[in-house]
Every structure is written in structure tokens, then in C-alpha cells.
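Read off the chains here:
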Amino acid sequence: MNARIDELLRKFREDSITADELRTLRSFVDGSDDEELAGLLAEDWASFEASFRSAPVRRRMLWKKFAAIAAAVLLPVFIVSTVYFYRRSHGMDDSVVSFSSASMQNYKMVLPDGSKVTMGYASELSYEPSDFMHGQRRISFSGEGYFEVKSDAGHPFVVEAKGFDVVVKGTSFNLYCGNDSVAELSLESGVVQLEFPDGARTDMRPGEKAEIDCRAGKATVSHCDDIDAVSAWQRGEIILRDASVGDVADAFGRYYGVNITIDGEGIDDTVTFTGTLPTASIQEAMNIIGLAFDADVSVRP
């Protein structure tokens with residue numbers, strides 16, 4: 001093993017590594033290929049095994065159960081997580097971590113507390129790792145997302161959207177806040193509280209849907225007969241029931257990011273569509289609508 005890197009690893013384990021040395025270690029890892037890291041891992045494990053064999057018998061027996069797993073994962077975890085744990089123990093500030101999803105592409109991620117988020121078309125999520133380190137589970141979000149929040153009664157999970165906050169403790173819900181004026185939240189399980197800048201609060205229960213006026217800072221809550229259909233997009237489907245031509249056009253803008261025109265004889269507000277569209281193929285979705293309405297469907301510039 002490189003003597004310099006060996007020394008940096010030793011300092012890291014002893015929590016005596018400096019910020020400059022930490023950056024050097026991370027740069028070495030980032031610039032190494034898989035073969036080099038494999039060699040580093042083998043040498044490091046050999047060193048650990050030597051010290052392990054000299055440990056008391058009871059201690060060796062306890063750790064022996066985990067030796068195979070440790071050999072494969074511990075060193076990579078230590079190195080990749082170096083900056084995170086150093087900042088946690090030494091109080092360094094963290095930069096904002098941001099994620100975004102492209103058109104017609106769902107992005108799934110796991111947050112530091114174990115909560116899961118599936119992000120829909122043109123969505124953005126950001127958070128400061130230091131918040132999670134100190135038990136403040138807070139993120140900023142725009143677009144559409146399906147949230148599965150890990151339960152932690154002592155540390156509420158807060159989603160900051162434009163014009164309101166969503167405060168939860170452990171629940172699953174679909175949030176759509178694609179523009180500055182209107183948002184929607186559909187609650188599948190758990191309890192959610194909407195909080196507005198003027199201090200107003202609105203509580204929600206499972207099976208309810210909130211229509212949120214972001215500018216006025218208020219929400220209208222009603223029962224949702226088919227709550228699972230709202231989040232079907234994350235399973236690859238768009239479920240529409242009694243959707244007018246305008247509703248269908250809005251759905252294409254929301255889920256595919258395009259404006260469409262539906263032209264045909266007899267097309268008016270009384271004509272509706274009930275069915276399922278695939279999120280993976282906009283052309284197939286347009287074909288389905290064309291057949292259902294007996295109309296020509298095209299994308300507007």
C-alpha cells in the first residue's frame with residue numbers, strides 16, 4: 001500500500017486527520033480504478049486481520065462472524081463516506097445536495113434517514129446533509145413526487161414547497177407542485193399537516209386529497225375515491241377517469257411535458273376518456289387518445 005495513503009487511513013480511523021489530508025484521501029480514491037482499489041482493500045484487510053488475530057479470543061469470535069462482510073464493504077464505505085463523517089464529527093458545513101429528473105424519466109432515491117422518493121417529470125429535490133445529521137429532516141421540492149417517509153416521531157419530516165410546507169412523521173403521499181399557483185397532495189397513509197406562511201394549518205387523513213392555492217395560502221381537502229390512481233405514474237401508468245379533452249391535454253403536459261392538440265368531429269367538453277396511458281411511450285399514449293376520441297392528436301410546438 002502507498003505509505004502516504006496508509007498513513008491517511010490510519011489517521012482517519014483515529015479521527016486525527018486534517019481537512020487537507022481528508023481531501024487528499026478522497027482525491028486518491030476518486031482517481032483510482034477498480035484494480036487499484038481492490039489492491040488497497042486487500043492490503044488494508046490483511047493489516048486488519050493481523051491485528052485481529054492478536055486480539056483476545058472472545059473478541060475474535062464475535063468479529064469472525066462478520067469478517068467476510070467487512071472485507072468486502074467496510075473500506076469502500078469508510079472512504080466514500082469520509083467527507084460525510086468528518087463533517088459530522090467536526091462540525092463542518094455541508095453544501096446543498098440537489099437532484100433533478102428529466103422528461104419522461106422517473107428518478108428513485110433514498111434520503112439519509114431512509115425515506116424514499118420517486119420523482120416524476122421535471123422535478124427537483126434538494127437538502128442540506130447537515131440537517132439530517134442533526135435530526136432535522138427537511139427538503140425542498142418542486143414537480144411531482146411519491147414519498148414514503150420513514151417513521152420517526154421525534155423528528156418530523158418537512159417538505160418545503162412554494163407557498164406551503166408539508167409536515168409528516170411517517171407516511172406515504174403523492175405531491176404535485178408543478179407551478180407557482182396550484183398544488184395537489186394525495187395522502188395514502190399516515191397523517192400530514194399543511195402549514196402556510198401566515199401560520200394557518202390544515203390536517204389531512206388517509207384517503208384525502210388537498211387542492212392547494214399556493215398564492216392565497218389555503219387548501220381545500222376532500223375525499224378521494226381512488227387514491228392509488230393518483231400515484232400510478234410511478235408504476236408506469238397514467239390512470240384517467242371521465243377525463244375531458246382539457247383534462248387529457250393537462251395530463252400530457254403534467255406527465256410528458258408536452259402540449260397536445262386533439263382535433264376531431266364532435267369533440268367538445270361532453271366527450272370524456274376513461275382508461276390507462278403508458279408513461280414510457282408518449283406516441284402510444286397519443287395513439288390511445290386518438291382512437292378513443294376518433295381524433296387526430298398532435299404535439300404543439
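Residues numbered from 1 in each chain as written. Predicted model: local features only at pLDDT ≥ 70, side-chain atom pairs only at ≥ 80, totals over all residues. Heavy atoms only, no water.

Caption draft 1: Looking closely at the overall build of the protein chain. Regarding its fold elements, the protein chain presents ten helices and 17 strands. The buried share of the protein chain, reckoned over its 301 residues, is 38%. If you take every contact in the protein chain between residues at least 6 apart in sequence, the share linking residues at least 24 apart comes to 49%. Summed over its atoms, the accessible surface of the protein chain is roughly 16,700 Å², and 50% of this surface lies on carbon and sulfur atoms. (Helix = DSSP H or I, 4+ residues; strand = E, 2+ residues; numbered from the N terminus. Buried < 20%, exposed > 50% of the residue type's maximum accessible area, 1.4 Å probe, protein only. Contact = heavy atoms within 4.5 Å. Areas by Shrake-Rupley, 256 points an atom, 1.4 Å probe, with all protein chains shown as cover.)

Caption draft 2: Local environment of the pattern of salt bridges. Inspection of every chain in the model, using the stated rule, returns eight salt bridges. Taking the shortest distance from any N to any O, the salt bridge between E211 and K209 comes out at 4.0 Å. Assessed through its relative accessible area of 35%, E211 is described here as partly exposed. (Salt bridge = Lys/Arg side-chain N within 4 Å of Asp/Glu carboxyl O.)

Caption draft 3: Here's a closer look at the side chain of E184. Here E184 shows up in strand 9 (residues 182-189). When its relative accessible area of 17% is taken as the criterion, E184 is described as buried. Polar contacts involving the side chain of E184 include one to the side chain of R254, which spans 3.3 Å. Each residue touching E184, except ones within four places of it in the same chain, is listed here: N174, L175, Y176, K209, A210, E211 and R254. (Polar contact = N/O pair within 3.5 Å; in protein donor to acceptor, adjacent residues only side chain to side chain.)

Caption draft 4: How the structure looks around helix 10 (residues 282-293). The end-to-end C-alpha distance of helix 10, which contains twelve residues, comes to 16 Å, matching closely the 16 Å that a straight helix rising 1.5 Å per residue would cover. Of the positions making up helix 10, those classed as buried are I282, A285, M286, I289, G290 and F293. Down the axis, helix 10 shows its buried residues gathered within 135 degrees of arc, on one side only. Tucked inside the fold, the buried residues of helix 10 contact strand 14 (237-244), helix 9 (245-255), strand 15 (259-263), strand 16 (272-278) and strand 17 (296-300). The first or second residue beyond helix 10 is D294, which carries a positive phi of 50 degrees. (Expected span 1.5 Å × (residues − 1). Arc of directions from axis to C-beta.)

Caption draft 5: Just the packing of aromatic side chains, in detail. Summed over the entire model, instances satisfying the criterion amount to eight aromatic pairs. Ring centres of F99 and Y107 lie 5.9 Å apart, and the angle between their planes is 35 degrees; this geometry places the pair in the tilted category. The exposure class of F99 is partly exposed, given its relative accessible area of 22%. For Y107, a relative accessible area of 31% corresponds to the partly exposed category. Ring-pair connections join several aromatic residues into one group, and the members of that group are F99, Y107, Y127 and F132. (Phe/Tyr/Trp six-rings, centres within 6.5 Å; stacked < 30°, edge-to-face > 60°.)

Caption draft 6: Local environment of the packing of helix 9 against helix 10. Taken N-terminus to C-terminus, the directions of helix 9 and helix 10 make an angle of 175 degrees; their axes are 12 Å apart at the nearest point. Between helix 9 and helix 10, the angle falls in the class roughly antiparallel. Facing helix 9, whose interface residues are V245, V248 and F252, helix 10 presents I282, A285, M286, I289 and F293. (Axes fitted to C-alpha atoms, helices over the stretch in contact; angles between N-to-C directions. Parallel < 35°, antiparallel > 145°, perpendicular 65-115°, else oblique.)

Caption draft 7: Molecular detail of the pairing of strand 8 (residues 172-177). Counting buried residues along strand 8, six of its six residues qualify, which places the element largely inside the surrounding structure. What you see with strand 8 is no split at all: S172, N174 and Y176 on one side and F173, L175 and C177 on the other are buried throughout. As judged from the six bridges shared by strand 5 (residues 137-148) and strand 8, these two strands associate in the antiparallel manner. Within strand 8, the residue paired with Y146 across the bridge is N174. (Pairing = 2+ DSSP bridges.)

Caption draft 8: Quick peek at the environment of E148. Mapped onto the secondary structure, E148 falls in strand 5. Sequence separation between E148 and V110 is 38 residues; the distance between their C-alpha atoms is 9.5 Å. With near-sequence residues (within four places) excluded, E148 lies in contact with S115, K116, T171 and S172.

Caption draft 9: Just a negative patch on the surface, in detail. Among the surface-exposed residues, D263, E265, D294 and D296 lie close enough to one another that they form a single negatively charged patch. The residue D263 is located in strand 15 in this model. Classification of D263 as partly exposed rests on a relative accessible area of 45%. (Patch = residues over 30% accessible without salt bridge, like charges linked within 9 Å, V, L, I, M, F, W, Y side chains within 5 Å. Lys, Arg positive; Asp, Glu negative; His and termini not counted. Charge placed at Lys NZ, Arg CZ, Asp CG, Glu CD.)

Caption draft 10: Spotlight on the nonpolar core. Counting residues in each nonpolar core, the largest one holds 30 residues, and the members touching the most others are F147, F164, V166, F173, L175, L185 and L194. Leaving out residues up to four positions away in the same chain, V166 has contacts with F157, V158, V159, F173, L175, L185, V192, Q193 and L194. (Core = buried A, V, L, I, M, F, W, Y, C linked by side-chain atoms within 4.5 Å.)

Caption draft 11: Structural context of the side chain of S231. Within the secondary structure, S231 sits in the loop between helix 8 (227-230) and strand 14. The exposure class of S231 is buried, given its relative accessible area of 0%. At a separation of 2.8 Å, a polar atom in the side chain of S231 contacts the side chain of E188. Apart from residues lying up to four places away in sequence, S231 is in contact with Y146, N174 and E188.

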